[in-house]
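Here are the chains, one letter per residue:
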Amino acid sequence: MAIVNLGLIVVEAVGYFALMVSLLHFRHRLGLGVFMTALGVMHFMETYLAAVFYVSLPFGVASPGSSVFFAGKLMMILMLYLAEDASTVRQPIYGLFLGNLLTVAIAWVLQLHETVEISPGNAADFSFLKEMGWLMVWGTALLYLDALGIILLYERLGHWMKRKVILRFMLCGFALLTFDQIGFFGALHYFLDVPLAAFWDGWRAKMFAVCIYTALFAFYRVYIHRNGVPAAARSLSDLFGDLTFRERYNDLLERTGRDILTGVYDRSRMEFEAPVMMREALRQGQFTTVIIIDADHFKDVNDNFGHLQGDEVLKSIAARLVMILRSADRVFRFGGEEFVAICPGTDHEEGLLVAERLRWTIATSVRTPDARPVTVSIGVATADEDGVSFMTVLSTADDRLYQAKKNGRNCVFGRTGLVKVS
């Protein structure tokens, strides 16, 4: 039976993670409120289970409420921080804490009622309700400390293991759930006389849960978050999406900062957005590659065929850039015939491959009016190896673009020099 219970624990953890990470992944489409509501609904159940529901496992007796659901919620809060920021993470914590204070207040008021027992043996248990209320408040207070602690510890570990995000995720879970086990078990022992012998069983169950969630988190980062999941097509009957102010605002924001000619983002949008993208990637221990693309001999196109034909060439180049780069990347028109691509989660070697693919695609598919190929020169730089600020990395990429021009054009120049010349 202990083995069966362990298998059910794993199934529960996988199901909880799948639901919550789906809501988190699609938060920009569904809204973050759905994720937070699901988090809050689970809070009462996990507290109740932690108080009264225990099962036998190969390494002792533990509660799924404490080991699976509470541990999962804390790891979800860390994932929310990785996806958003600390100001967003505090919203569900404050909401849970205030909601549980209200639960205690209502439990106190309900005791003033004279109740009627409409079925024998089913009288209202006010003492249990009050105990549960205070237990939930204590659990939420611990959760608040856990959430702050797991974020601070994650950032602190980043000084020594910047790119080992999954290992940091696991170590933070081990440390903060150990702290939580000490604090929450003390309340269980005080309020409900849970025996001290159950402490180590519960701790081992939480550590096992951290291992499960870390494996699931690793799978998510490698196979889902990195490559992205295509969004479902919008239904014509989705009136809510059509009528909400948020969607209209996001649509307006998306169209703001666009280059009128090419349709890609303009330089002002780059100066605002690119530093944020780079900081966020570095915070998560990821590389960010900056690629500068410059059309070769573009002045000759304008002089020989006119500016309208030159505009068509620029639009063709921009179209190829958008086609090759991922949806997570950003393309900006830097000025004139220059474009800048920001590729988060892309190291230098990957960036050079992307740049070479861009160069080859443009050289083989973009033509001047007299059918001559249009070529580009490209400079590539990567944070944090070439700097940690966007302007520093951009300047390095620009220097390498100049080297590509000096080396005969129609080539890619990276950290180790010339990549390829056709």
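Please refer to the structure placed before this passage.
These notes cover the structure that comes with them. Residue numbers restart at each chain and count upward from 1, following the sequence in its written direction. In view of the model being predicted, local features appear only for residues whose pLDDT reaches at least 70, and side-chain atom pairs are presented and counted only at 80 or more, with totals across whole chains, interfaces and linings using the full set of residues. With hydrogens and water set aside, each side-chain value is computed from the structure's full complement of heavy atoms.

**Details of the overall build of the protein chain**
Stage number 1. Secondary structure is summarised from DSSP: a helix means a run of H or I of at least four residues, a strand means a run of E of at least two, and numbering begins at the N terminus for each. Regarding its fold elements, the protein chain presents 15 helices and 8 strands.
Stage number 2. Burial here depends on accessible area, computed with a 1.4 Å probe over protein chains only, as a share of the maximum for the residue type. Under 20% is buried, over 50% is exposed, and the range in between is partly exposed. Residues classed as buried in the protein chain amount to 47% of the 422 residues present.
Stage number 3. Every residue pair with non-hydrogen atoms within 4.5 Å of one another is taken to be in contact. Once local pairs closer than 6 in sequence are excluded, the contacts in the protein chain between residues at least 24 apart make up 71%.
Stage number 4. With residues, only the protein chains shown are counted as cover, and all accessible areas are computed by Shrake-Rupley using a 1.4 Å probe. A total accessible area of about 21500 Å² is found for the protein chain, and carbon and sulfur atoms account for 64% of it.

**Looking at empty space enclosed by the protein**
Stage number 1. Lining residues are defined by having an atom within 4 Å of a point belonging to a cavity or pocket. Those points lie on a 1 Å grid over the protein atoms alone, cavities being sets where a 1.4 Å probe fits but cannot get out and pockets being open sets with protein on both sides within 12 Å along at least five of seven lines. Grid points are joined across faces, edges and corners, and a volume is the space filled by probe spheres set on the points. Within this structure, the stated rule accounts for 2 cavities of 30 Å³ or more.
Stage number 2. The space that makes up the second largest cavity amounts to roughly 70 Å³.
Stage number 3. Surrounding the second largest cavity, H43, E46, T47, A50, G65, S66, F70, G139, D180, F184 and K206 form its lining.
Stage number 4. If you list the elements that add at least two residues to the lining of the second largest cavity, you get α3 (32-52), α4 (64-83) and α7 (165-192).
Stage number 5. As a working rule, the residues Ala, Val, Leu, Ile, Met, Phe, Trp, Tyr, Cys and Pro are called nonpolar, Asp, Glu, Lys and Arg charged, and the rest polar, with Gly in that last group. Taken together, the residues of the lining of the second largest cavity sort by class into 3 nonpolar, 5 polar and 3 charged.

**Some remarks on unusual backbone geometry**
Glycine aside, residues mostly have negative phi, and peptide bonds are mostly found in the trans state.
Stage number 1. A cis amide bond links A383 with the next residue in sequence, D384, at an omega value of 15 degrees.
Stage number 2. Along the chain, the position of D384 falls in the loop between β6 (376-383) and α15 (390-406).
Stage number 3. Its identity is not glycine, yet R409 carries a phi of approximately 70 degrees, on the positive side.
Stage number 4. Here R409 lies in the loop between α15 and β7 (411-414).
Stage number 5. Note on R409: relative accessible area 30%, which makes it partly exposed.

**Overview of the packing of aromatic side chains**
Stage number 1. Stacked, edge-to-face and tilted labels apply to pairs of Phe, Tyr and Trp rings (six-membered ring for Trp) whose centres lie within 6.5 Å, assigned for plane angles under 30 degrees, over 60, and everything in between, in that order. Per the counting criterion, the structure on display carries 6 aromatic pairs.
Stage number 2. Ring centres of Y16 and Y213 lie 6.5 Å apart, and the angle between their planes is 70 degrees; on these two criteria the pair is classed as edge-to-face. With Y16 in helix α1 (residues 2-25) and Y213 in helix α8 (residues 198-225), this residue pair connects regions lying 197 residues apart in the sequence. Judged on exposure class, the residue Y16 and its partner Y213 are both buried.

**Some details on the pairing of strand β3 (residues 288-295)**
Stage number 1. Counting buried residues along β3, 8 of its 8 residues qualify, which places the element largely inside the surrounding structure.
Stage number 2. Strand pairing is assigned whenever DSSP identifies at least 2 bridges connecting the two strands. Bridge analysis of β3 against strand β5 (residues 338-344) gives 7 bridges, and the strand direction is antiparallel. For T289, the partnering residue across the bridge sits in β5 and is C343.
Stage number 3. As paired elements, β3 and β6 share 8 bridges and run antiparallel to each other. Residue pairing for β6: I293 is matched across the bridge by I378.

**As for the nonpolar core**
Stage number 1. For the purposes of this section, nonpolar cores are sets of buried Ala, Val, Leu, Ile, Met, Phe, Trp, Tyr and Cys residues that join through side-chain atoms within 4.5 Å. Core analysis: the biggest nonpolar cluster contains 56 residues, and Y16, F17, F35, M76, M79, I150 and Y213 have the highest contact counts within it.
Stage number 2. Among the elements of the structure, α1, α3, β1 (55-57), α4, α5 (86-110), α6 (126-157), α7 and α8 are those that each provide at least two residues to this core.
Stage number 3. Dropping the residues within four chain positions of it, M79 is found in contact with F17, V21, L24, F169, F217 and Y220.
Stage number 4. Membership of the second largest hydrophobic core comes to 27 residues, among which are I291, I293, A295 and F298.

**Side note on the pairing of β6**
Stage number 1. Burial of β6 is extensive: 8 of the 8 residues sit out of reach of the surface.
Stage number 2. Side chains V376, I378, V380 and T382 of β6 all project onto a buried face; the interleaved residues S377, G379, A381 and A383 project onto the opposite face, where all are buried too.
Stage number 3. Strand direction decides the pairing type here: β6 and β7, joined by 2 bridges, are parallel. Looking across to β7, one finds that G379 is bridged to F413.
Stage number 4. Taking the sense of rotation as the criterion, the β-α-β connection linking β6, α15 and β7 turns out left-handed. Handedness rule for crossovers: strands pointing away from the viewer, path from the first strand over the helix to the second running clockwise, crossover right-handed.

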